[in-house]
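# Commentary on secondary and tertiary structure
Listed here are the chains, written in short residue letters.
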Amino acid sequence: VLSLESSLENQLQELKAGYSEMLLRVQQLVKNLNSLTCKMAALKSNGSQNNCCPTSWLEHEGSCYWFSYSGKPWPEAEKYCQLEDAYLVVINSREEQDFVQAHIGSSYTWMGLSDLDGVWKWADGTDYETNFKNWKPGQPDDWQGHGLGGGEDCAHFHPDGKWNDDACQRPYHWICEAGLSKGS
């Protein structure tokens, strides 16, 4: 009886693990199906009704996000996003902060916030003063001692999601953001 009970328990654990994996695969299939359905609708309307994110972009709360896997200085990252009809990511809420933080991994990652002319500004024109902020304690500090010339005029995410200002020429990962109507 103990042997049967042990065998049954092992089979139950295997079934639970298999169910969890299957559930994840079904959830991914649903996402893929929704994406394909959206892209089919866009094709049928000759692109006039496109509410999908491009392939390799993630959709979240009405925006599309693209996460780089390499590093560029802030101005080059900003230019990359502009060429994609997007902008460096603008964080408008704790919820958006949490979404981005869940996808940046362990990399320092540029966002669309800079004070190149002495005043903090978001890349899309969102008002800095009234918008969400998530600076590390003591930041921004415009530190001059990094040896790269000048202060720190560009903001990035630490792996823990907190923000820091740094020298814009550092090659960090970056995130582009675009409205959901962005074409594929």
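Residues numbered from 1 in each chain as written. Predicted model: local features only at pLDDT ≥ 70, side-chain atom pairs only at ≥ 80, totals over all residues. Heavy atoms only, no water.

### What to know about helix α2 (residues 74-83)
Under the convention used in this document: Buried residues are those whose accessible area, probed at 1.4 Å on protein chains only, stays under 20% of the maximum for their type, while exposed residues exceed 50% and partly exposed ones sit between those limits. Comment: elements are numbered from the N terminus, with helices defined as DSSP H or I runs of at least four residues and strands as E runs of at least two. Arc definition: it is the arc formed by the directions from the helix axis to the C-beta atoms. Whether two residues touch is decided by their heavy atoms; if any such pair falls within 4.5 Å, the residues are in contact.
Where α2 is concerned, the buried positions are Trp74, Ala77 and Cys81. The arc enclosing the buried residues of α2, seen along the axis, measures out at 65°, which places them on a common side. Looking at the buried positions of α2, the neighbouring elements they touch are β3 (87-88), β4 (109-114), β6 (154-157) and β8 (173-179). Residue Asp85 follows α2 closely and has a positive phi angle near 55°.

### Topic: the pattern of salt bridges
Our working rule: Salt bridges are defined as contacts in which a side-chain nitrogen from Lys or Arg sits within 4 Å of a carboxyl oxygen from Asp or Glu.
On inspection of all chains with the given rule, the structure shows 5 salt bridges. We note a salt bridge from Asp160 to Lys136, for which the minimum N-O separation is 3.2 Å. A residue pair is termed long-range when its members are at least 10 positions apart, and Asp160 in the loop between β6 and β7 (163-166) and Lys136 in the loop between β5 (121-122) and β6 qualify at 24 residues. Look at Asp160 and you get partly exposed, because its relative accessible area is 41%. You can call Lys136 partly exposed: its relative accessible area is 24%.

Just distances and angles here, no functional claims.
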